[in-house]
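Here is how the chains run, residue by residue.
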Amino acid sequence: MDKEQNASCDRRGFLRGSSAIAGATAAGVLLPTHFAFGQQAKIKVGLMLPSTGTFAALGAAITNGFKLAIDERGGKLGGREIEYFLVDDESNPAKAPENTNKLVQRDKVDVVIGTVHSGVVMGMAKVLKDSGTLWINPNGGAGAMTGPLCAPNFFRSSFSNWQTTHALGKVLKAKGHKNAVFITWKYAAGEEMLEGFKEGFEKEGGKLTHELFVPFPQVEFQALLTEIASIKPDAVVAFFAGGGAAKFLKDYQAAGLKGKIPLYGAGFLTDGVLEAVGDAAEGVETTLHYADGLNTKKDNAFRLAYAKTYKLQPDVYAVQGYDAGQLLVAGLEAVKGDIGNKVGVIKAMEAAKIDSPRGQWTLSKAHNPVQDMYLRKVVGKENKVQGVAWKALADPARGCKA
Ligand code: PHB
């Protein structure tokens with residue numbers, strides 16, 4: 001059986017199990033229910049995020065954002081108190097199944113929030129598909145999660161990797177760039193962002209001439225920067241994030257490329273790192289589903305609350321954590337805290353219109369946000385919005401049988 005068939009069989013199996021429970025409950029067979037016992041019990045929320053390594057700051061921002069959304073509702077979910085369980089996934093795919101099982105088997109959480117790294121997301125997917133645990137992914141863009149592996153209990157409050165770079169093709173074309181080089185880490189996120197860009201750029205008649213990779217999480221860029229200098233492309237497009245992005249921006253400038261070959265990227269390249277890089281990122285243009293200076297009522301209120309609570313400026317990761325909280329709130333309010341009613345929670349989450357700091361978004365059939373992609377430009381310490389590069393961009397969800 002191939003992966004896609006597996007996905008649709010699992011989905012039917014899940015729904016069959018849920019309706020069997022509903023039927024049994026109606027007949028009184030399962031009384032007293034878990035909910036009758038557990039109504040006052042706390043909802044167990046498992047946060048599986050990196051708190052060490054190159055993505056540590058991303059994990060912290062997601063946690064802050066998530067907790068802010070919950071705290072704005074009095075610290076409760078559907079009227080119930082929350083108990084948090086934390087696991088540091090170290091952005092290590094090899095440990096992902098074991099780490100996910102700490103939350104699922106050991107702590108018996110009701111919902112998992114995680115994670116940042118696409119490779120870890122793939123390791124989580126296997127465990128969470130089998131257990132059927134509700135899962136909201138607040139970052140990791142691995143296409144398979146909302147593609148061939150899509151499932152009723154899988155949700156994302158962030159993006160697919162493809163989405164973050166697809167609009168860049170149009171952007172480069174509008175600037176008159178005919179060819180480009182893509183540089184990134186060699187793992188799912190980098191490879192999928194490269195593909196998203198390539199597809200968009202080729203549609204515009206552009207040519208991706210070189211694909212340059214460094215192993216994750218290495219930050220030795222010198223040899224590849226020397227190669228870029230000799231290739232002399234019209235433009236360079238990059239995906240790095242967190243500590244790796246800061247180092248890349250500084251190395252690009254130090255190699256003398258800044259101001260010579262224009263640099264673009266998925267917005268992660270310049271999000272959350274501007275304090276650390278001096279003027280190395282000035283003028284860099286990126287696409288992403290969030291930007292500074294949106295100046296909407298919701299974004300202004302969010303930024304003020306975040307800054308007051310954490311004495312920090314929010315970034316895209318904080319927004320994704322906040323929206324994971326908002327999505328979960330929508331699910332649990334609809335069932336008045338009865339998380340045992342998983343079908344009810346899922347239906348409410350599927351129908352949610354999230355009033356996000358990034359702008360309103362809804363979920364696709366594959367449970368991935370359909371959202372505007374902004375063009376942003378680094379001006380001082382801000383990723384200043386320049387306009388919408390692609391309105392309501394939906395991931396194609398190839399292979400998802402939902
Ligand atoms: C990913 O691995 O999917 C990933 C990690 C960091 C980002 C974006 C995507 O900033």
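Residues numbered from 1 in each chain as written. Predicted model: local features only at pLDDT ≥ 70, side-chain atom pairs only at ≥ 80, totals over all residues. Heavy atoms only, no water.

### Here's the deal with the overall build of the protein chain
Put simply, the test is: A run of H or I in DSSP counts as a helix once it spans at least four residues, and a run of E counts as a strand once it spans at least two, with each numbered from the N terminus. The atom set for the radius of gyration is the C-alpha atoms, and the globule formula is 2.2 Å times the number of residues raised to the power 0.38. What makes two residues a contact is simply this: any of their non-hydrogen atoms within 4.5 Å. Methods summary: accessible areas were calculated by the Shrake-Rupley approach with a probe of 1.4 Å, and residue burial reflects only the protein chains presented. We treat Lys and Arg as the positive residues and Asp and Glu as the negative residues; His and chain ends play no part in the count. Lys charges are placed at NZ, Arg charges at CZ, Asp charges at CG and Glu charges at CD.
Within the protein chain one finds 13 helices and 13 strands. For 402 residues, the compact-globule estimate of 2.2 N^0.38 gives 21 Å, and the C-alpha radius of gyration of the protein chain, at 21 Å, lies within 12% of that figure. With respect to the principal axes defined by its C-alpha atoms, the protein chain has extents near 75 × 50 × 35 Å. Taking contacts inside the protein chain between residues at least 6 apart in sequence as the whole, the part at least 24 apart equals 70%. Accessible surface computed for the protein chain: about 16,200 Å², of which carbon and sulfur atoms make up 54%. Between the mean site of the 48 positive side-chain charges and the mean site of the 41 negative ones, the protein chain shows a separation of 3 Å.

### Side note on the state of the cysteines
Using the following cut-off: Any pair of cysteine sulfurs within 2.5 Å is marked as a disulfide.
As enumerated under the stated definition, the model contains 1 disulfide in all. Residue C150 pairs covalently with C400 via a disulfide, S to S 2.2 Å. On the S-S bond that ties C150 to C400, the torsion sits near 85°, and the link is right-handed. With C150 in the loop between β4 (134-137) and β5 (154-156) and C400 in the segment after β13 (382-393), this pair connects stretches of sequence that are 250 residues apart.

### Observations concerning the packing of aromatic side chains
Just so we agree on the cut-off: Only rings of Phe, Tyr and Trp enter the pairing, Trp through its six-membered ring, and a pair is recorded when the two centres are within 6.5 Å. The plane angle decides the type: under 30 degrees is stacked, over 60 is edge-to-face, the rest tilted. In this scheme, the term charge over a ring applies when either NZ of a lysine or CZ of an arginine sits within 6 Å of the ring centre and within 35 degrees of the ring normal.
Under the counting rule described, the total for this entry stands at 20 aromatic pairs. An aromatic cluster is present here, built from F55, F159, W185, Y187, F216, F221, F239, F240, F248, Y252, F268 and Y317 joined pairwise through their rings. One cation-aromatic arrangement involves K67 over Y84; the distance from NZ or CZ to the ring centre is 4.5 Å. In this structure, K170 is placed above the aromatic ring of W390, and the distance from its NZ or CZ to the ring centre is 4.2 Å.

### Some details on the side chain of H177
Just so we agree on the cut-off: Pairs of N or O atoms within 3.5 Å make up the polar contacts considered here, provided that, within protein, one atom can donate a hydrogen while the other can accept it, and that residues adjacent in sequence are counted only when both atoms are side-chain atoms.
In this structure, H177 sits in the loop between α7 (168-174) and β6 (179-185). At 2.8 Å, the side chain of H177 forms a polar contact with the side chain of Y264. If we skip the residues at most four places from it in the chain, H177 touches L172, F201, D234, A235, P262 and Y264.

### Considerations on the domain arrangement of the protein chain
Put simply, the rule is: Where each domain starts and ends follows an automatic or database-derived domain assignment. The quantity reported as buried area is the accessible area (1.4 Å probe) lost by two parts once they are put together, taken as the sum for both. Within this document, salt bridges are pairs made up of a side-chain nitrogen of Lys or Arg and a carboxyl oxygen of Asp or Glu, the two lying within 4 Å of each other. Put simply, Ala, Val, Leu, Ile, Met, Phe, Trp, Tyr, Cys and Pro go in the nonpolar bin, Asp, Glu, Lys and Arg in the charged bin, and everything else, Gly too, in the polar bin.
Domain assignment breaks the protein chain into domain 1 (3-159 + 297-367) and domain 2 (163-288 + 376-393). Of the residues lining the interface, 15 residues belong to domain 1; the matching set on domain 2 comes to 17 residues. Around 1,200 Å² of area is buried between domain 1 and domain 2 when both sides are counted, 65% of it from carbon and sulfur atoms. Taken together, the links from domain 1 to domain 2 amount to 0 salt bridges. Across the contact surface, domain 1 and domain 2 share 4 residue pairs in polar contact (both at pLDDT 80 or more). Elements that contribute at least two residues to the side of domain 1 that touches domain 2 include exactly α5 (118-131) and α12 (316-334). In the side of domain 1 that touches domain 2, the residues fall into 6 nonpolar, 8 polar and 1 charged.

### Points about the packing of helix α11 (residues 297-310) against α12
Applied cut-off: Only the stretch in contact is used when a helix axis is fitted, and all axes are lines through C-alpha atoms; the angle between N-to-C directions ranges over 0 to 180 degrees. Angle categories are assigned with fixed cut-offs, so that under 35 degrees is roughly parallel, over 145 is roughly antiparallel, 65 to 115 is roughly perpendicular, and the rest are oblique.
Put simply, α11 and α12 touch, their axes get as near as 12 Å, and they point 105° apart. On the basis of the axis angle, α11 is roughly perpendicular to α12. Across from K298, F302 and Y306 in α11, the residues of α12 making contact are A318, V319, Y322 and Q326. Residues of the contact of α11 with α12, tallied by class, amount to 5 nonpolar, 1 polar and 1 charged.

### Comments concerning the environment of K250
On the secondary structure map, K250 appears in helix α10 (residues 242-254). C-alpha separation for the pair K250 and L149, spaced 101 residues apart in sequence, amounts to 38 Å. In this view, K250 contacts A276, V277 and A280; residues no more than four positions away in its chain are not counted.

### A short note on the nonpolar core
Worth spelling out the cut-off: Only buried residues count toward a nonpolar core, which is a set of Ala, Val, Leu, Ile, Met, Phe, Trp, Tyr and Cys residues joined through side-chain atoms within 4.5 Å. Relative accessibility decides the category of a residue: with a 1.4 Å probe and only protein chains considered, values under 20% of the type maximum give buried, values over 50% give exposed, and everything between is partly exposed.
Counting residues in each nonpolar core, the largest one holds 100 residues, and the members touching the most others are F240, F248 and F268. Among the domains, domain 1 (3-159 + 297-367) and domain 2 (163-288 + 376-393) are the pair contributing at least three residues each to this core. If you look at the next biggest cluster of nonpolar residues, it comprises 21 residues, including M48, F85, L128 and L149.

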